[in-house]
Amino acid sequence: MMKPLPRHFYLAETLTVARSLLGCLLWRRTPEGVTSGIIVETEAYCQGDAASHAARGRTPRNASMFGPPGHAYVYFTYGMHHCFNAVTRAEGVAEAVLIRALEPVEGLELMGRRRGTDGRQLTNGPGRLTQAMAIDRTLDGADLTEGDLVIHGPAAGARDIVTATRVGITRARDEPWRFYLAGNRWVSKRQGGG
DNA sequence: AGAGCGATGGCCT
DNA sequence: GGCCATCGCTCTA
């Protein structure tokens, strides 16, 4: 059986964690039921990274990024979308990995009810997967090694990983800090990467 | 106290 | 491919 990724997994370099999370399973439990999916696309946000929410220092919104590793950083953006990150590095170092797409495994019907759609549209984007799995700001800071929102892994062995540039940012556009599983149909966008 | 804007997605063309 | 809804957070005054 897969076990929750241990705390020390998230202490590694953020670029390494971003790649290592590919193929791991994001698992979520609510009173409605369980949903889960394999992580197929990630982005790294690092210290000194102009595109990071932590670039201008600590605020109430981004405080979780400065917290201990292996916890969630969930933020709300564009007035309607939540995005989910796994916090990396030691406490005080504000780095994180944005989860951008999942390949659904459990609870597809529940995801469909939450999303009002099905198929690829369930989880092929950062705002979509949070809606499908009922992840919002109440989970900001949640421990990802136990509880109702856990990352297990790895779900499968080594696969081909594509390196690309990140999506939807205006600063540090050229940094190759997006990673996804080659050929996976759940990846949100395939262009980019220079 | 208020303006500006964003790690997006849905819908239209 | 383009438009734009929608609102919390940040910055400036």
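Owing to the predicted nature of the structure, the values given are computational and were not obtained by experimental measurement.

### Quick notes on helix H2 (residues 108–115)
Okay, step 1: Within H2, burial applies to Leu110, Met111, Gly112, Arg114 and Arg115.
Okay, step 2: Considering only its buried residues, H2 is in contact with strand E2 (25–30), strand E3 (33–45), strand E6 (96–106) and helix H3 (126–132).

### Some points on the side chain of Ser64
Okay, step 1: You can see Ser64 is positioned in the loop between E3 and strand E4 (72–77).
Okay, step 2: Residue classification places Ser64 among the buried residues on the basis of a relative accessible area of 13%.
Okay, step 3: Side chain to side chain, Ser64 and Asp140 meet in a polar contact 3.0 Å long.
Okay, step 4: If sequence neighbours within four positions are ignored, Ser64 has contacts with Ala72, Tyr73, Val87, Asp140 and Gly141.

### A closer look at the nonpolar core
Okay, step 1: One finds Tyr10, Leu21, Leu26, Ile39, Phe84 and Ile151 to be the most contacted residues of the largest nonpolar core, which totals 41 residues.
Okay, step 2: Residues in contact with Tyr10, not counting those within four places in the same chain, are Leu5, Val17, Leu21, Pro69, Gly70, Ala86, Val87, Thr88, Arg89, Leu144 and Ile151.
Okay, step 3: Listed in part, the 13 residues of the second largest apolar core include Ala54, Val87, Leu98 and Ile169.

### Comments concerning the pattern of salt bridges
Okay, step 1: Overall, the coordinates contain ten salt bridges when judged by the stated rule.
Okay, step 2: Salt-bridge contacts for Asp148 lead to Arg29; the nearest nitrogen and oxygen are separated by 2.8 Å. Separated by 119 residues along the polypeptide, Asp148 in the loop between H3 and strand E7 (149–153) and Arg29 in strand E2 bring together distant segments of the chain.
Okay, step 3: Asp148 gets classed as partly exposed once you look at its relative accessible area, which sits at 37%.
Okay, step 4: Across the pair Glu41 and Arg100 runs a salt bridge whose closest N-O atoms are separated by 2.9 Å. Here Glu41 is found in strand E3, whereas its partner Arg100 is found in strand E6, with 59 residues between them in sequence.
Okay, step 5: Residue classification places Glu41 among the buried positions, given a relative accessible area of 0%.

### Focus: the layout of surface pockets
Okay, step 1: Taken as a whole, the largest pocket encloses approximately 850 Å³ of empty space.
Okay, step 2: Lining of the largest pocket is provided by 33 residues; of these, His53, Tyr75, Tyr78, Gly168 and Ile169 occupy positions nearest its centre.
Okay, step 3: Mapped onto the lining of the largest pocket, the elements with two or more residues apiece are E3, E4, strand E5 (81–87), E6 and H3.
Okay, step 4: For the lining of the largest pocket, the per-class residue count stands at 13 nonpolar, 13 polar and seven charged.

### Focus on a nonpolar patch on the surface
Okay, step 1: Side chains of Phe76, Tyr78 and Met80 sit close together on the surface and give an oily, nonpolar patch of about 400 Å² of accessible area.
Okay, step 2: Here Tyr78 shows up in the loop between E4 and E5.

### Quick notes on the protein's contact with DNA strand C
Okay, step 1: Surveying the vicinity of DNA strand C reveals the residues Arg56, Thr59, Pro60, Arg61, Phe76, Tyr78, Gly79, Met80 and Arg137.
Okay, step 2: Sugar and phosphate atoms constitute 68% of the interface atoms of DNA strand C, taking the interface as everything within 4 Å of the protein.
Okay, step 3: One nitrogen or oxygen atom from the main chain of Tyr78 is found 2.4 Å from a base oxygen belonging to DNA strand C.

About the thresholds
Residues numbered from 1 in each chain as written. Chains lettered and ligands numbered in written order. Predicted model: local features only at pLDDT ≥ 70, side-chain atom pairs only at ≥ 80, totals over all residues. Heavy atoms only, no water. Buried < 20%, exposed > 50% of the residue type's maximum accessible area, 1.4 Å probe, protein only. Helix = DSSP H or I, 4+ residues; strand = E, 2+ residues; numbered from the N terminus. Contact = heavy atoms within 4.5 Å. Polar contact = N/O pair within 3.5 Å; in protein donor to acceptor, adjacent residues only side chain to side chain. Core = buried A, V, L, I, M, F, W, Y, C linked by side-chain atoms within 4.5 Å. Salt bridge = Lys/Arg side-chain N within 4 Å of Asp/Glu carboxyl O. 1 Å grid on protein atoms, 1.4 Å probe; cavity = no way out; pocket = protein on both sides within 12 Å on 5 of 7 lines; lining within 4 Å. Points joined across faces, edges and corners; volume = space filled by probe spheres on them. Nonpolar A, V, L, I, M, F, W, Y, C, P; charged D, E, K, R; others polar. Patch = residues over 30% accessible without salt bridge, like charges linked within 9 Å, V, L, I, M, F, W, Y side chains within 5 Å. Areas by Shrake-Rupley, 256 points an atom, 1.4 Å probe, with all protein chains shown as cover. Near = heavy atom within 4 Å.

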